[in-house]
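The residues making up each chain are set out below.
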2 protein chains.
Amino acid sequence: MIDKAIQAITEPRRRDILHLVRDEELTSSAIASHFDISAPAISQHLKVLEEAGLVVVRRAGTKRFYGIRREGFAELMQYIESFWDHSLLRLKEAAEEEERRKHGNNEQ
Amino acid sequence: MIDKAIQAITEPRRRDILHLVRDEELTSSAIASHFDISAPAISQHLKVLEEAGLVVVRRAGTKRFYGIRREGFAELMQYIESFWDHSLLRLKEAAEEEERRKHGNNEQ
DNA sequence: CACTTAATTAAGTGTCAACTTAATTAAGTG
DNA sequence: CACTTAATTAAGTTGACACTTAATTAAGTG
């Protein structure tokens, strides 16, 4: 799922869509009105975002309201954070390495 | 830059590369040895990651050591967080909306 | 049920980016 | 300087994916 989420936010128009629905639920056609690409294109983007767990749909008659799915972004954040956290370890080691180098060792 | 960073982490092999260099600096060839794609392919991936600000290079003779660049991931996290934070607002509004609906209103 | 509205699915097309091999750059070593 | 090692740049190929228009599904309304 994290794979799909990252894949999903890559496409710039999908990020624009996410910005639009970030603060309020919008229908497919309301979203489409903000772009100059066809409605089916928007629909396809929404499908990708939904399958990535980044948006949710709420049906109301013939309309479908799309909105942000916070859990999806939580997963994404955790993923990004994992690089940050692990690299802290490396940073510590690098500092020690630096220390050793100052004292006359050559790496490799 | 955030565009490039997101673009960069989309490609699965680049994420694998990031995992490899997350805890220790590695040379291009050391990284390449973990995959069954050609060295130039790895080199091209590393270039993308560097231009996205996600890795840094340290030259040492003919070797080039690649490692994580934490600031790049910080930017990424902030971007993802922005969706999370803003959606909190929406969540609050949604709760109020829900309240209104219970009291007999129909949305649209 | 015929018609409208909202949106999707289907089918086909063009572009781009992830690879390939070959050639080149760059640093070091006898 | 010739040779080796490490890595990149160059040039060309292929597949995926973001579009398009046309057709279809689904819900509601006279």
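Up top you'll find the structure we're talking about.
Residues numbered from 1 in each chain as written. Chains lettered and ligands numbered in written order. Predicted model: local features only at pLDDT ≥ 70, side-chain atom pairs only at ≥ 80, totals over all residues. Heavy atoms only, no water.

Caption draft 1: Highlighting the overall build of chain A. Counting secondary structure elements, chain A contains five helices and three strands. Listed N to C, the secondary structure of chain A is α-α-β-α-α-β-β-α in terms of helices and strands. The buried share of chain A, reckoned over its 108 residues, is 37%. Partitioning the contacts of chain A with sequence separation of at least 6, the portion at a separation of at least 24 is 52%. (Helix = DSSP H or I, 4+ residues; strand = E, 2+ residues; numbered from the N terminus. Buried < 20%, exposed > 50% of the residue type's maximum accessible area, 1.4 Å probe, protein only. Contact = heavy atoms within 4.5 Å.)

Caption draft 2: Highlighting the protein's contact with DNA strand C. As a matter of local geometry, DNA strand C sits amid 22 residues, with Ser-29, Ser-43 and Tyr-66 of chain A together with Ser-38 and His-45 of chain B nearest to it. In the model, a phosphate oxygen of DNA strand C is placed 3.4 Å from a nitrogen or oxygen of the Arg-64 of chain A main chain. Within the side chain of Tyr-66 of chain A, one N or O atom sits 2.3 Å away from a phosphate oxygen of DNA strand C. The set of elements that each furnish at least two residues to the surface near DNA strand C consists of helix H3 (28-32), helix H4 (39-51) and strand S3 (63-68) of chain A together with helix H2 (12-22) and helix H4 (39-51) of chain B. Counted by class, the surface near DNA strand C contains five nonpolar, eleven polar and six charged residues. (Near = heavy atom within 4 Å. Polar contact = N/O pair within 3.5 Å; in protein donor to acceptor, adjacent residues only side chain to side chain. Nonpolar A, V, L, I, M, F, W, Y, C, P; charged D, E, K, R; others polar.)

Caption draft 3: Just the pattern of salt bridges, in detail. Residues and elements named next belong to chain B. Taken as a whole and judged by the stated rule, the model has eight salt bridges over all chains. For Arg-58, the salt bridge goes to Glu-25, with nearest N and O atoms at 2.7 Å. Residue Arg-58 is located in strand S2 (residues 55-60), and its partner Glu-25 is located in the loop between H2 and strand S1 (26-27); the two are separated by 33 residues in the primary sequence. Looking at Arg-58, the relative accessible area reads 23%, which means it is partly exposed. Glu-71 is the partner of Arg-69 in a salt bridge, and the nearest nitrogen-oxygen pair spans 3.2 Å. You can call Glu-71 partly exposed: its relative accessible area is 46%. (Salt bridge = Lys/Arg side-chain N within 4 Å of Asp/Glu carboxyl O.)

Caption draft 4: Representation of the sheet that holds strand S2 (residues 55-60) of chain A within the structure. Residue and element names in this part refer to chain A. With antiparallel pairing, three strands are arranged side by side in an open sheet as S1-S3-S2. This sheet does not close on itself; its edge strands, each paired only once, are strand S1 (26-27) and S2. Bridge count between S1 and S3: two bridges; the pairing is antiparallel. Paired with Leu-26 across the bridge in S3 is Tyr-66. Packing of helix H2 (residues 12-22) onto the sheet brings it into contact with S1, S2 and S3, and relative to S3 it is tilted by some 95 degrees. (Pairing = 2+ DSSP bridges. Axes fitted to C-alpha atoms, helices over the stretch in contact; angles between N-to-C directions.)

Caption draft 5: Looking closely at the packing of helix H1 (residues 2-10) of chain B against H2 of chain B. Residue and element names in this part refer to chain B. Packing of H1 against H2 leaves a shortest axis separation of 5 Å and a crossing angle of 95 degrees. In terms of their interaxial angle, H1 and H2 are classed as roughly perpendicular. From H1, Gln-7, Ala-8, Ile-9 and Thr-10 reach across to H2, where they touch Pro-12, Arg-14, Arg-15 and Leu-18. Grouping the amino acids of the contact of H1 with H2 by side-chain chemistry returns four nonpolar, two polar and two charged. (Parallel < 35°, antiparallel > 145°, perpendicular 65-115°, else oblique.)

Caption draft 6: The protein's contact with DNA strand D, seen in detail. Arg-13 and His-45 of chain A together with Ser-29, Ser-43 and Tyr-66 of chain B are the nearest of the 23 residues found near DNA strand D. Sugar plus phosphate: this is where 71% of the atoms of DNA strand D within 4 Å of the protein reside. Within the contact set of DNA strand D, a phosphate oxygen lies 2.5 Å away from a side-chain nitrogen or oxygen of Ser-38 of chain A. Here a sugar or linking oxygen of DNA strand D and a side-chain polar atom of Thr-62 of chain B are 3.4 Å apart.

Caption draft 7: Highlighting the environment of Lys-4 of chain B. Residues and elements named next belong to chain B. Checked against the element boundaries, Lys-4 lands in helix H1. The partly exposed category is assigned to Lys-4, whose relative accessible area is 47%. Residues Lys-4 and Gly-53, spaced 49 residues apart in sequence, show a C-alpha to C-alpha distance of 8.3 Å. Each residue touching Lys-4, except ones within four places of it in the same chain, is listed here: Glu-51 and Ala-52.

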